[in-house]
Amino acid sequence: MKVVSECPNPVELNELIEDELSAADTDRVTEHLQDCTTCQEKLQTIASGDLPIDQIVHGLNEQNPGCESALWPAIEQLSHEISAQPTIGLAGGSNVTGESVVSEEVVRTPPPELDFLEPSDDPAYVGKLHHFQIARVIGRGGMGVVLEAFDTHLHRNVAIKVLSPQYQSNDLARQRFCREGRAAAAISHEHVVPMYQVAKANEGEVAFLVMQLIEGETLEQRLRGGQPLPPNEVARIAMQTAAGLSAAHSREMAHRDIKPANIMIEAETQRVKLTDFGLARTTDDVKLTKTGMVTGTPLYMSPEQSLGEDADERSDLFSLGAVMYEMATGFAPFQAPSALGVMQRIVNFTPEPPHKVNPAISRPLSDLIMSLLEKAPADRPESAAEVATALAAIVSEYGPISPLQVPSIAASEVKKLSGSYRRGERRWAIAAWLTAAIAIMVAVASFVILRPDVGDDFPSVVLPDNPGTVWASDFSPDGKTLAAAVEDGSIRIWDVASQTLEKSFNAHRGLAWTVAYHPSRPMLMTSGDDSTIKLWDTDEYEVIWEWKAESSVRGVAFSPDGNRIVAGDRDGVLYIYDIDSGAEVASATTPGSILSVDYSNDGKLIASVGSDKVLRLFDAETLVERRTMNGHDGAIYNVKFAPQGPLIATVGWNKNVRVWNSENGKEVLNLTGSEGDVWSVSFCSDASHLITGEQMGAARVWDLASGKPVTTLRGHSSAVYNVALDRTAHRIATSSRDGTIRVWDMSSVAN
């Protein structure tokens, strides 16, 4: 027979609600409450006044839950989570709820809970943990504290999450904490905060996680004013969040705590990063939480979470719907004065559709939000991939989608739309959303189902497991190595013949956008989101020169003689630098953002393209504009001069592939047949063929004499962002959003 512990006194019950009990006392009192109806009634009175609990939670189930129900521990958890959540102190005295890895200025005084730190020999830091110099606390949450730190080995700033001292000796807490690290580290996606390391220090007594430091803000901060976001921002942020969830769900991991505080927005790119997988779990594993305990944040919980039932991927979709509702209207859909009131509204209340609250919200977006908020999981969309795809169609209605906006969703992950709408008695008209979503799904289906064998089967090798999207790659002049610019800011050097990774080093804070080998010297050029252009020695990979632009640098190129480089940034500024002296030779400002630049084969002209839809040619000495060419109906993503002759190619939004004569400014070819947006272009050595990289995971080889594709190279599961040519061995390298590089042997079609 189970021994019933002594009833806690009213002070202890109140301290439990206010989260003021010690960890040991919290465990003791919570365990007692699961079996003692008298104390449950006392807790009800303290938490919500004199109203009988069966009225407060009426309708939560068909009958009033018994003492063994998950409802009672849920009361405790919900009450203290909503009324006494921990906060992060930010500049200006404001507060943010929950944990965060956002970089903000805060007071640097080391708090008492950091007594596990070793003293630092640098007065600029408050302490040291292993080889990390700790700068400050940037967040506190239920199970841990988040620190900003400097990695002395890799020379980069990182965020470190340390398990709170009171939990370090708790085996259950340690298991959950380690699970967070494993869950996050298993996901490689541009919309999930990368996890770098799971480690222990001080002879194994202090467990900590090392992750990317995000400079920006949380969605919670952005919503603090209580005003709705612009509809295109609602759709874009939700689309990228759904894409990150899709990556987790593809590994059968449910996040279980989707809320604005766990959705990060990068300052420079405005790109979404999903964080805090502290509540994530492998869905078929045994729960690590106590039996019956509810996990999640009250305002955004799904009905099944609030009842203590199993929460799978579709629970995350409900929470995403609640977050989207708040973005669209300015307030959460299930607000109530108490935690129990929130719980009751989640299960019983249907909020007003967003388009009726905010007329700026389109009906398709409003209907999608409401479909996510269906009470029964079976009535919600089937997958996060499906939601991201539908949102991409909605976002595209507001204009061209840039590379940072398009969700990375493997076509094989997208499920049929009809599966989510099996029941005919839906309360909202969804025809508009279905029309938009089906249009994009037809394109996906044509890629996955209708065209599995299109294109010649050329031999290829795969260079896998890069930590995120590979934005660019380049062959060394001798063709022996391939350099890759990766989303996490690293540059990876591959030996092509052996398919082994020779070198990996951190080059930029944030994304590494470009990488290019010098045409004749042992040098490598890179650029990144941190507004820098760097020239590296390829013997030791030490920096030779570093130049600072005004903003993120997306386009760089060497001059044909290798003496200069040209770079273009997001603010539309062009720069020319001398690589021997390091001096800036010239600069000029263009309309819009620059996404790509290139030198002509004679070195006399520089081409620039970007968001303003115009191809511009400049004098390579003075940067005086010589010519403009118009014809693209959206952003131009890449430009490349032919290695001989006057031709120049541009590719971009809405399947555009165009070839121009740089001498007279006339359009020579408008190539049709691409699948989606086209991100990259390159000429073969004799300028007879063109190679392009496309949104649907294909690279296409075009015969310029006929204007028709020769073959299509398939194998990537997501967009091909860069094509690079090895002119010594007739090989093509394609780098993709799926984190892989493929090297294709094209010798059979070589002239």
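Right above here is the structure, for reference.
Because the structure is a prediction, the values reported are computed rather than measured.

Reading the values: rules and limits
Residues numbered from 1 in each chain as written. Predicted model: local features only at pLDDT ≥ 70, side-chain atom pairs only at ≥ 80, totals over all residues. Heavy atoms only, no water. Pairing = 2+ DSSP bridges. Helix = DSSP H or I, 4+ residues; strand = E, 2+ residues; numbered from the N terminus. Axes fitted to C-alpha atoms, helices over the stretch in contact; angles between N-to-C directions. Expected span 1.5 Å × (residues − 1). Polar contact = N/O pair within 3.5 Å; in protein donor to acceptor, adjacent residues only side chain to side chain. Core = buried A, V, L, I, M, F, W, Y, C linked by side-chain atoms within 4.5 Å. Buried < 20%, exposed > 50% of the residue type's maximum accessible area, 1.4 Å probe, protein only. Contact = heavy atoms within 4.5 Å. Phe/Tyr/Trp six-rings, centres within 6.5 Å; stacked < 30°, edge-to-face > 60°. Lys NZ or Arg CZ within 6 Å of the ring centre and 35° of its normal. Lys, Arg positive; Asp, Glu negative; His and termini not counted. Salt bridge = Lys/Arg side-chain N within 4 Å of Asp/Glu carboxyl O. Parallel < 35°, antiparallel > 145°, perpendicular 65-115°, else oblique. Left-handed = near helix turned anticlockwise from the far one by under 90°.

On to the sheet that holds strand S14 (residues 460–463), then. The strand order S14-S41-S40-S39 describes an open sheet built from four strands, whose pairing is antiparallel. If you trace the sheet from one side to the other, it starts and ends with S14 and strand S39 (720–726), each paired once. Averaged over all pairs of adjacent strands, the angle between strand axes in this sheet comes to 20 degrees, irrespective of strand direction. When S14 meets strand S41 (residues 741–745), the two strands line up antiparallel, connected through four bridges.

Taking 1.5 Å of rise per residue, the 17 residues of helix H10 (residues 313–329) would be expected to cover 24 Å, and the 25 Å separating its terminal C-alpha atoms lies within 8% of that figure. Here H10 starts with a cap whose side-chain oxygen sits 3.0 Å from the backbone nitrogen of Arg 314, and that cap is Asp 312. Within two residues after H10, Gly 330 carries a phi angle of roughly 95 degrees, on the positive side.

Grouped together as the largest cluster of nonpolar side chains are 50 residues, with contacts concentrated most on Leu 219, Ile 237, Met 324, Met 327, Leu 365, Leu 373 and Leu 391. At the level of elements, helix H8 (231–249), strand S11 (263–266), strand S12 (272–274), H10, helix H11 (339–348), helix H13 (363–372) and helix H14 (384–396) are the ones that each hand at least two residues to this core. What Met 327 contacts, discounting residues up to four positions off in sequence, is Leu 219, Leu 223, Pro 228, Leu 229, Val 234, Ile 237 and Ala 238. Residues Leu 147, Ala 149, Val 158 and Ile 160 belong to the second largest nonpolar core, which totals 17 residues.

An order of S15-S16-S17-S18 is seen for the four strands of this open sheet, with the pairing classed as antiparallel. At either end of the open sheet lies a strand with only one pairing partner, and these are strand S15 (470–475) and strand S18 (500–506). When strand polarity is set aside, the average angle formed by the axes of neighbouring strands in this sheet is 20 degrees.

Before going further, it helps to spend a moment on the pairing of strand S16 (residues 481–486). For S16, a buried count of six out of six residues is recorded, marking the element as mostly surrounded by other parts of the structure. In S16, alternate side chains face the same way, and those of Thr 481, Ala 483 and Ala 485 on one face and Leu 482, Ala 484 and Val 486 on the other are all buried. Across five bridges, S15 lies against S16 in antiparallel orientation. In the strand pairing of S16, Asp 474 is matched with Ala 483. Hairpin connection of S15 to S16: five residues between the antiparallel strands, including Gly 479 at a positive phi of 75 degrees.

Further remarks concern the packing of aromatic side chains. Per the stated rule, a full pass over the model turns up twelve aromatic pairs. Pairing Phe 505 with Tyr 541 gives two aromatic rings, centres 5.2 Å apart and planes at 40 degrees, and the pair type is tilted. Highlighted residues: Phe 505 in strand S18 and Tyr 541 in the loop between strand S21 (532–537) and strand S22 (543–548), separated in sequence by 36 residues. Each member of the pair Phe 505 and Tyr 541 is classed as buried. Between Arg 345 and the ring centre of Phe 349, over which it is positioned, the NZ or CZ distance is 3.9 Å. Geometry around Trp 513 places Arg 554 over its ring, the cationic atom sitting 3.9 Å from the centre.

Our focus in this paragraph is the side chain of Asp 488. Summarising the element assignment, Asp 488 is placed in the loop between S16 and strand S17 (490–495). One buried charged side chain, Asp 488, makes no salt bridge at all; its nearest oppositely charged neighbour is Arg 156, positioned 5.0 Å away. A distance of 2.6 Å separates the side chain of Asp 488 from the side chain of Ser 490, its partner in a polar contact.

The next subject is the pattern of salt bridges. What the rule picks out here adds up to 23 salt bridges. With a shortest N-O distance of 3.6 Å, Asp 257 and Lys 259 are connected by a salt bridge. In this pair, the class of Asp 257 matches that of Lys 259, namely buried. Linking Glu 487 and Lys 273 is a salt bridge whose minimum nitrogen-to-oxygen distance equals 3.2 Å. Taken together, the positions of Glu 487 in the loop between S16 and S17 and Lys 273 in strand S12 put the pair 214 residues apart, joining distant regions of the chain. Each member of the pair, Glu 487 as well as Lys 273, is classed as buried. Shared partners join several salt bridges into a network, and the residues in it are Glu 217, Arg 222, Glu 233 and Arg 236.

With their axes 10 Å apart at the nearest point, H8 and H10 run at an angle of 165 degrees to one another. With respect to each other, H8 and H10 are oriented roughly antiparallel. Crossing hand, H8 versus H10: right-handed. Facing H8, whose interface residues are Val 234, Ile 237, Ala 238, Thr 241, Ala 242, Leu 245 and His 249, H10 presents Glu 313, Asp 316, Leu 320, Met 324, Met 327 and Ala 328.

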